[in-house]
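Residues per chain are reported as follows:
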Amino acid sequence: MSIYKILMNYFLNLISEHNLDDEEIFVSLKSLTEEEAIGITKRKDFPLLNGKEVLIEANFKNSLGQAFTSSRSALSIKLSDVRNLDIENNNYDIAIFISILNSVMKYLGLISNTVHCKNEDPELCAEQIANFLSADLSKNILLIGYQPAFIDKLSSAGYNLRVLDLNVDNIGEFRYGIKIEDGNLFKEAISWANIILCTGSTIGNRSIMNFLNLENKEVYFYGTTIAGPSKILNLKRLCFMSN
């Protein structure tokens, strides 16, 4: 069974267990502006600030869930109709589903940290992650996804760091002293790494499969998108500053 079927089955069982599928409850989604998503930051090279990522937000009874996507759209959907989303094949449907999953799980008290951190919090989160890994300073760390605060903090701390990204504007460029490598060429980098920090948004484009069940690797997922899926799939998640 694919992880997407596992997630969908979990969600459908969850809303049935809590009698939510038969109620007239709708989840509204909206594409957030850059300031709504990440606030005012000193660092201006976050992908959200450059139009490279779109953060959508589901609001279920004032419990918010978010997910990254490459599309801008908005809709309302009844919880019982979520089963009709094509999360096996459609990346935007995956983003819609994940945001809804996160918001409902947050409402039921099953997860926390479902809202992207803002203003100075990304910097503080990066410091927390660097501190968390401090016992492993000699190990090779592979960062999946361009997260500038992470790159800056980890490289300045002296870690053996490599970074993979899919954005062609970053590939081959040096950022904070680290050359950004092509995210499509991940196999050798995975072999090199002892620790992998992987953006949770990989679940939206299905590349997450490349970073699951890796033997002799410590894999940590970061971000808000992976909040619900990480609990359901028993993945290690690092998220220190979001709500």
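Just so it is clear, the model here is predicted, and its values are computed rather than measured.

## Observations regarding the pattern of salt bridges
Per the counting criterion, the structure on display carries four salt bridges. The partner of Lys 153 in a salt bridge is Glu 127, with the nearest N and O atoms 3.4 Å apart. Of this pair, Lys 153 sits in helix α5 (residues 148-156) while Glu 127 sits in helix α4 (residues 121-132); the two residues are 26 residues apart in sequence, bridging distant segments of the chain. For Glu 127, a relative accessible area of 35% gives the class partly exposed.

## Remarks on the packing of α4 against α5
When two helices pack together, their arrangement is captured by the angle between the axes and the distance separating the axes. Running from N to C, α4 and α5 cross one another at 40°; their axes reach a closest spacing of 9 Å. One finds that α4 runs oblique with respect to α5. Considering the relative orientation of α4 and α5, their crossing is right-handed. Residues Pro 122, Glu 123, Cys 125, Ala 126, Glu 127, Ile 129 and Ala 130 of α4 lie in contact with α5, whose contacting residues are Ala 149, Phe 150, Lys 153 and Leu 154. In terms of residue class, the contact of α4 with α5 is made up of eight nonpolar, no polar and three charged.

## Focus on helix α1 (residues 3-17)
Between its terminal C-alpha atoms α1 stretches 21 Å, which fits the 21 Å expected from 15 residues at 1.5 Å a residue. Residues of α1 that are buried: Ile 3, Tyr 4, Leu 7, Met 8, Phe 11, Leu 12, Leu 14 and Ile 15. Elements in contact with the buried residues of α1: α3 (91-107), α7 (202-205) and α8 (227-233). Downstream of α1 by a residue or two, Asn 19 has a phi angle that is positive, lying close to 55°.

## Let's talk about the confidence of the model for the protein chain
With 82% of its residues at a pLDDT of 70 or more, the protein chain shows a mean pLDDT of 84. pLDDT under 50 marks residues 43-51. Its contacts with residues more than four places away, or in other chains, come to 35 contacts.

## Observations concerning the nonpolar core
One recurring pattern in soluble globular proteins: nonpolar side chains tend to sit buried together. Grouped together as the largest cluster of nonpolar side chains are 50 residues, with contacts concentrated most on Phe 11, Phe 97, Ile 100, Val 104, Ile 196, Ile 208 and Phe 221. Those elements that provide at least two residues to this core are α1, β2 (54-60), α3, β5 (140-144), α6 (187-192), β9 (195-199), β10 (218-222) and α8. Among the elements that line this core, the one with the most residues is α3, at ten residues. Counting 22 residues, the second largest nonpolar core, distinct from the first, contains Phe 150, Ile 151, Tyr 159 and Tyr 220.

## Looking at the sheet that holds β9
Taken together, seven strands build an open sheet; the order of strands is β7-β8-β6-β5-β9-β10-β11 and the sheet is mixed. Because the sheet does not close on itself, it has two edges, and the strands there are β7 (174-175) and β11 (237-238). Where strand β6 (residues 160-165) meets strand β8 (residues 178-182), three bridges bridge the pair, whose relative direction is parallel. Residue Val 163 lies in a different strand from β8, and its bridge partner there is Ile 180. The strands that α5 touches are β5, β6, β7, β8, β9 and β10; relative to β6, the one it contacts most, it runs at about 160°.

## Some points on the environment of Phe 132
Relative to the elements of secondary structure, Phe 132 occurs in helix α4. Phe 132 sits in the partly exposed class, given a relative accessible area of 40%. Taking C-alpha positions, Phe 132 is 9.3 Å from Leu 238, a pair spaced 106 residues apart along the chain. Apart from residues no more than four positions distant in its own chain, Phe 132 is found in contact with Tyr 220, Leu 238 and Phe 240.

## Some thoughts on the environment of Gln 128
Here Gln 128 shows up in helix α4. For Gln 128, a relative accessible area of 36% corresponds to the partly exposed category. Each C-alpha atom, one on Gln 128 and one on Leu 238, is 9.3 Å from the other, the two residues being 110 residues apart in sequence.

What counts, and where the lines are drawn
Residues numbered from 1 in each chain as written. Predicted model: local features only at pLDDT ≥ 70, side-chain atom pairs only at ≥ 80, totals over all residues. Heavy atoms only, no water. Salt bridge = Lys/Arg side-chain N within 4 Å of Asp/Glu carboxyl O. Helix = DSSP H or I, 4+ residues; strand = E, 2+ residues; numbered from the N terminus. Buried < 20%, exposed > 50% of the residue type's maximum accessible area, 1.4 Å probe, protein only. Axes fitted to C-alpha atoms, helices over the stretch in contact; angles between N-to-C directions. Parallel < 35°, antiparallel > 145°, perpendicular 65-115°, else oblique. Left-handed = near helix turned anticlockwise from the far one by under 90°. Contact = heavy atoms within 4.5 Å. Nonpolar A, V, L, I, M, F, W, Y, C, P; charged D, E, K, R; others polar. Expected span 1.5 Å × (residues − 1). pLDDT = per-residue confidence, 0-100. Core = buried A, V, L, I, M, F, W, Y, C linked by side-chain atoms within 4.5 Å. Pairing = 2+ DSSP bridges.

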